[in-house]
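Overview (structure and organization)
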2 protein chains.
Amino acid sequence: MGDDGKIIDAEAVQAAKDGLPSEYSIVSLELFYKVFADTTRIKILFALKEVELCVYDICAALSLKQSTVSQQLRFLRQTGIVKSRQEGKNVYYSLDDDHITGVLLMGLEHINEKR
Amino acid sequence: MGDDGKIIDAEAVQAAKDGLPSEYSIVSLELFYKVFADTTRIKILFALKEVELCVYDICAALSLKQSTVSQQLRFLRQTGIVKSRQEGKNVYYSLDDDHITGVLLMGLEHINEKR
DNA sequence: TTTATATATCATCATATAATGATATGATGA
DNA sequence: TCATCATATCATTATATGATGATATATAAA
């Protein structure tokens, strides 16, 4: 099992290598999936899937602390998942990407089949 | 911003609440997306997307330590993403779920559009 | 029955990150 | 201007988790 033993199936190994995306793509994918890999962010996204909401109402709807919500919204903003719009004292958030709803629904499908 | 102030748009808050999946579903979703939220697992999955591989060859193809690969394979096995088949001293892994390839490709699509 | 090989597991360490309370910023109205 | 409200940011803490080396298990060959 060492580090420099001989490969068992050289052809398969080459095929595996050829199928790999670039390192940049792999890191991008990691970040993309990470967006959905947290219950707080999932809740926020499902909430925004229904309706545009200000931070205050997200806190109310999901029973979350304001700082928690703001932190996650910043993350979602920086990854281009949500967009914001200021109106007086309030900042309204909504989904910024048409795919997001699709990604969420696909996930739901998966977990429902795996039961 | 306190904890028990009044809601700004009660109707929107109710809609947001109604759109939420069950707590169980949310936790399941978190786990599902977590599978793809790590570069090592992403690499393994793209490799297995092409061809069935034994642990040894996964290590070779991806330049990863054996213990690292085994750990992640265990995780992928336990979450029903990959299956294994023993043949002599070798254990061959392959994708256990038709969706997985779809999920990977959808992710690739997303990051390619977001550029 | 030794020895070698392939894989799995374990314990440890380092890192990443989510939650939280406190504080800062910025807008509105008195 | 001052007070209030909504949001953002910061620092801290706790937890989760990935990588790693060492070891255990299991199969096969010598």
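A brief report on the enclosed structure follows. What you see as residue numbers is a count from 1 along each chain, following the sequence as written. Whichever chain is written first becomes A and whichever ligand is written first becomes 1, with later ones labelled in order. Owing to the predicted nature of the model, reporting of local features is limited to residues with pLDDT of at least 70; listing and counting of side-chain atom pairs is limited to 80 or more, with chain, interface and lining totals taken over all residues. Calculation of side-chain values draws on the structure's entire complement of heavy atoms; hydrogens and water are dropped beforehand.

So, helix α6 (residues 98-113) of chain B
Operational definition: Elements are defined by DSSP. Helices are runs of H or I of four residues or more, strands are runs of E of two residues or more, and each kind is numbered from the N terminus. Expected helix span is given by 1.5 Å per residue-to-residue step, counting one fewer step than there are residues. Working definition: with a 1.4 Å probe on protein chains only, accessible area under 20% of the residue-type maximum means buried, over 50% means exposed, and in between means partly exposed. When checking whether two residues touch, look at their non-hydrogen atoms; a contact exists if any pair is within 4.5 Å. Whenever two N or O atoms come within 3.5 Å, that pair is a polar contact, provided that in protein one can donate a hydrogen and the other can accept it, and provided that, for residues adjacent in sequence, both atoms are side-chain atoms.
When the terminal C-alpha atoms of α6(B) are compared, their 24 Å separation across 16 residues agrees well with the 22 Å that a helix rising 1.5 Å per residue should span. Every buried residue belonging to α6(B) is among Ile100(B), Val103(B), Leu104(B), Met106(B), Gly107(B), Leu108(B), His110(B) and Ile111(B), and all of these are buried. Taken together, the buried residues of α6(B) touch α2 (23-35) and α6 (98-113) of chain A together with α2 (23-35), α3 (39-50) and β3 (90-95) of chain B. Its side-chain oxygen placed 2.7 Å from the backbone nitrogen of His99(B), Asp97(B) serves as the N-cap of α6(B).

Considering the nonpolar core
Our working definition: What we call a nonpolar core is a set of buried Ala, Val, Leu, Ile, Met, Phe, Trp, Tyr and Cys residues that are connected through their side-chain atoms within 4.5 Å.
One finds Phe36(A), Leu45(A), Phe36(B) and Leu45(B) to be the most contacted residues of the largest nonpolar core, which totals 71 residues. Aside from chain neighbours lying at most four places away, what touches Phe36(B) is Leu29(A), Glu30(A), Tyr33(A), Ile42(B), Leu45(B), Ile100(B), Val103(B) and Leu104(B).

Considerations on the sheet that holds β3(B)
Residue and element names in this part refer to chain B. Selection rule: For two strands to pair, DSSP has to find at least two bridges joining them. For every element, the axis is a line fit to its C-alpha atoms; helices are fit only across the contacting stretch, and the angle between N-to-C directions ranges from 0 to 180 degrees.
Reading across the sheet, the 3 strands line up as β1-β3-β2 and stay open at both edges, with antiparallel pairing between neighbours. With one partner strand each, in any of the chains shown, β1 (53-54) and β2 (82-87) form the two edges of the open sheet. Pairing between β2 and β3: 6 bridges, direction antiparallel. Looking at the pairing, Lys83 lines up with Ser94 of β3. Relative to the sheet, α3 contacts β1, β2 and β3, its axis offset from that of β3 by approximately 90°.

Observations concerning helix α4 (residues 55-62) of chain A
Given 3.6 residues to a turn, an α-helix orients residues that are three or four positions apart in the same direction. Across the 8 residues that make up α4(A), a large majority, 6, are buried. All of the buried residues along α4(A) are Val55(A), Asp57(A), Ile58(A), Cys59(A), Ala61(A) and Leu62(A). Looking at the packing, one finds that the buried side of α4(A) touches α3 (39-50), β1 (53-54), α5 (66-78) and β3 (90-95) of chain A together with α1 (10-19) of chain B. Backbone geometry just after α4(A) places Ser63(A) at a positive phi near 55°.

A look at the sheet that holds β1(A)
Residue and element names in this part refer to chain A. Across the sheet, 3 strands lie side by side as β1-β3-β2; this open sheet has antiparallel pairing. Since the sheet does not close on itself, it has two edges, and those belong to β1 and β2 (82-87), each with one partner. Packed onto the sheet, α5 meets β2 and β3 and runs at close to 115° relative to β2.

Focus: the relation of the copies chain B and chain A
In summary, the two copies of the chain are related to each other by a rotation about an axis coupled with a shift along it. Counted only if it meets this: The copies were overlaid with a least-squares fit restricted to C-alpha atoms from residues scoring a pLDDT of at least 70 in each copy.
For the pair chain B and chain A, the best superposition has an RMSD of 0.0 Å and corresponds to a rotation of 180° with a translation of 0.0 Å parallel to the axis. Classification of the inter-copy transformation places it as that of a two-fold axis. Rotation axis and chain B: the residue whose C-alpha lies nearest the axis is Tyr33(B), separated from it by 2.9 Å.

A short note on the pattern of salt bridges
Residue and element names in this part refer to chain B. Put simply, the test is: By salt bridge we mean one thing: a side-chain nitrogen of Lys or Arg within 4 Å of a carboxyl oxygen of Asp or Glu.
Inspection of every chain in the model, using the stated rule, returns 10 salt bridges over all chains. Between Lys34 and Glu30 there is a salt bridge, with the nearest N and O atoms lying 3.9 Å from each other. Here Lys34 pairs with Glu30, and both are found in helix α2, just 4 residues apart, close to one helical turn. Note on Glu30: relative accessible area 16%, which makes it buried.

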